[in-house]
Amino acid sequence: GAVVSQHPSWVICKSGTSVKIECRSLDFQATTMFWYRQFPKQSLMLMATSNEGSKATYEQGVEKDKFLINHASLTLSTLTVTSAHPEDSSFYICSARGSAGGYNEQFFGPGTRLTVL
Amino acid sequence: RKEVEQDPGPFNVPEGATVAFNCTYSNSASQSFFWYRQDCRKEPKLLMSVYSSGNEDGRFTAQLNRASQYISLLIRDSKLSDSATYLCVVNGPARQLTFGSGTQLTVLP
């Protein structure tokens, strides 16, 4: 099946720093990528949807200036958490949809665990 | 009201037991339905799609009732390896996945 990778798998940073998370589709073209956030014992919450070459569409309540998303190619999307604070500590998961699988099928990356001290 | 609601559990069952999970969704325009499995600190993985006619994959049976906006998952002959969180997932008209909060299952030896 299609593979999506994320890097880094975990990161610990100081409050106020920015963290960039990469999401790559390894063997297919991802025309759409999704970024989710999951707090402990809660469900995945969609943060934003990005189509290659377009600006991301953010869900209500998600600050676009704090969570910068770039989807510049068909295999790479990045999420940058700017000026991270402890409340941003969470499990960030990307997924990709495109030339692999069914029409609506999304393939998930392994996630990035962010801890902000 | 949440878009996708599940009983959070936890469900603790002995090996070999049959266990059923239920889920309801609020958007009648939802188009496709899935059960995902998520292990601790891992990404969710597709377990199976759910169709109105019902579908079975080995020990797993999924059912969809569009009129009631209700989805179910039945696991027969539970194995220790079935221990995980099971997520009910709905795909809406905008082709975005909406996840339930998950039902935690622990299969005990």
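Our structure's up above, just so we're on the same page.
For every chain, the first residue of the written sequence is number 1, and numbering continues from 1 along that sequence. As a convention, the first chain written is A and the first ligand written is 1, with the rest following in written order. In keeping with the model being predicted, local features are shown solely for residues with a pLDDT of at least 70 and side-chain atom pairs are shown and tallied solely at 80 or more, while totals for entire chains, interfaces and linings include all residues. Hydrogens and water molecules were not included; the side-chain quantities draw on all heavy atoms of the structure.

Visitor: For this particular structure, what's the right way to read the sheet that holds strand 7 (residues 60-65) of chain B?
Guide: Two strands in a sheet stick together by hydrogen bonds in their backbones, pointing the same way (parallel) or opposite ways (antiparallel). Residue and element names in this part refer to chain B. The pairing criterion for strands is at least two bridges between them, as found by DSSP. Think of it this way: any DSSP run of H or I at least four residues long counts as a helix, any run of E at least two long counts as a strand, and we number them from the N terminus. Judged by pairing direction, the sheet is antiparallel, and its 5 strands sit side by side in the order 1-3-8-7-6 without closing on themselves. Sheet topology places strand 1 (4-6) and strand 6 (55-57) at the edges, where each strand pairs with a single neighbour. On average, each strand axis in the sheet is inclined to that of its neighbour by 20°, with strand direction left out of account. Strand direction decides the pairing type here: strand 1 and strand 3 (residues 19-25), joined by 3 bridges, are antiparallel. Residue pairing in the sheet places Glu5 in a bridge with Thr24 of strand 3. Interaxial angles span 0 to 180 degrees and are taken between N-to-C directions of axes, which are lines fitted to C-alpha atoms, for helices over the stretch in contact.

Visitor: Any chance you could explain the sheet that holds strand 3 (residues 19-25) of chain A here in plain terms?
Guide: Residue and element names in this part refer to chain A. Spatial ordering of the open sheet is given by 1-3-8-7, a layout of 4 strands whose pairing is antiparallel. Edge strands, defined here as strands with exactly one partner in the open sheet, are strand 1 (4-7) and strand 7 (67-73). Within the sheet, the average angular offset between the axes of one strand and its neighbour, ignoring direction, is 15°. Two elements, strand 3 and strand 8 (residues 76-81), share 6 bridges in a ladder whose sense is antiparallel. Each residue of the ladder has a partner; that of Cys23, found in strand 8, is Ser77.

Visitor: What should I look at first to understand the pairing of strand 8 of chain A in this one?
Guide: Regular strands have side chains that alternate between both faces of the sheet. Residue and element names in this part refer to chain A. With respect to burial, strand 8 is a largely interior element, 5 of its 6 residues being buried. As defined by bridge partners, strand 7 adjoins strand 8 across 5 bridges and the pair is classed as antiparallel. Paired with Leu68 across the bridge in strand 8 is Thr80. Remark: 2 residues form the turn of the hairpin made by strand 7 and strand 8, two consecutive strands paired antiparallel. The rule is simple: take the accessible area with a 1.4 Å probe, protein chains only, and divide by the maximum for that residue type; under 20% is buried, over 50% is exposed, in between is partly exposed.

Visitor: What am I meant to see in the interface of chain B and chain A here?
Guide: How big an interface is tends to be reported as the loss of accessible area on association of its parts. Should any heavy atoms of two residues lie within 4.5 Å, those residues are considered in contact. In this assembly, 16 residues from chain B lie in contact with 19 residues from chain A. Together, the buried faces of chain B and chain A total about 1500 Å²; carbon and sulfur atoms form 46% of this surface. Salt bridges, as used here, are contacts in which a Lys or Arg side-chain nitrogen is within 4 Å of a carboxyl oxygen on Asp or Glu. Across the contact surface, chain B and chain A share 0 salt bridges. Think of a polar contact as two N or O atoms within 3.5 Å of one another; within protein, one of them needs to be a possible hydrogen donor and the other a possible acceptor, and neighboring residues in sequence only count if both atoms come from side chains. In this structure, the connection of chain B to chain A is made through 5 residue pairs in polar contact (both at pLDDT 80 or more). For the side of chain B that touches chain A, the elements supplying multiple residues, two or more each, are strand 4 (32-38), strand 5 (44-50), strand 9 (84-91) and strand 10 (97-99) of chain B. Counting residues per element, the side of chain B that touches chain A draws most heavily on strand 4 of chain B, at 3 residues. Polar here means any residue other than Ala, Val, Leu, Ile, Met, Phe, Trp, Tyr, Cys and Pro, which are nonpolar, and Asp, Glu, Lys and Arg, which are charged; Gly is therefore polar. When the residues that make up the side of chain B that touches chain A are grouped by side-chain class, the tally is 6 nonpolar, 6 polar and 4 charged. Buried surface area refers to the total accessible area, computed with a probe of radius 1.4 Å, that the two partners give up upon joining, counted for both partners together.

Visitor: Looking at this structure, how should I read the nonpolar core?
Guide: In globular proteins that are soluble, nonpolar side chains generally tend to be buried together. What we call a nonpolar core is a set of buried Ala, Val, Leu, Ile, Met, Phe, Trp, Tyr and Cys residues that are connected through their side-chain atoms within 4.5 Å. Counting residues in hydrophobic clusters, the biggest one holds 26 residues, and the most contacted among them are Val4, Phe28, Trp35, Phe67, Leu79, Tyr92 and Leu114 of chain A. Counting residues per element, the ones that place at least two in this core are strand 2 (10-13), strand 3, strand 4 (30-38), strand 5 (45-51), strand 7, strand 8, strand 9 (90-98) and strand 11 (112-116) of chain A. What Val4 of chain A contacts, discounting residues up to four positions off in sequence, is Cys23, Arg24, Ser25, Phe28, Cys94, Ala96, Phe107, Phe108, Gly109 and Pro110 of chain A. The next biggest cluster of nonpolar side chains, apart from the first, holds 23 residues, and it includes Trp35, Leu64, Ile71 and Tyr86 of chain B.

Visitor: What's the story with the pattern of salt bridges in this structure? I'm lost.
Guide: Any two side chains of opposite charge can pair, so long as their charged atoms come close to each other. Residue and element names in this part refer to chain B. Under the definition given, this model contains 6 salt bridges over all chains. For Arg76, the salt bridge identified is with Glu56, shortest N-O distance 3.5 Å. Pair noted here: Arg76 is in the loop between strand 8 (70-75) and strand 9 and Glu56 is in strand 6, with a separation of 20 residues, a long-range link.

Visitor: Explain the state of the cysteines here, please?
Guide: Where two cysteines share a covalent bond between their sulfur atoms, that bond is called a disulfide. Working definition: a disulfide is two cysteine sulfur atoms within 2.5 Å of each other. Evaluated as defined, the whole model comprises 2 disulfides over all chains. With a sulfur-sulfur separation of 1.9 Å, Cys23 of chain A is cross-linked through a disulfide to Cys94 of chain A. On the S-S bond that ties Cys23 of chain A to Cys94 of chain A, the torsion sits near 80°, and the link is right-handed. With a gap of 71 residues between them, Cys23 of chain A in strand 3 and Cys94 of chain A in strand 9 connect regions that are remote in the sequence. When its relative accessible area of 0% is taken as the criterion, Cys23 of chain A is described as buried. Here Cys13 of chain A stays free of any disulfide, with the sulfur of Cys94 of chain A as its closest cysteine sulfur at 18 Å. Judged by its relative accessible area of 10%, Cys13 of chain A is buried. Cysteine Cys40 of chain B remains unbridged, with the sulfur of Cys94 of chain A as its closest cysteine sulfur at 20 Å. By relative accessible area, which is 68% here, Cys40 of chain B ends up exposed.

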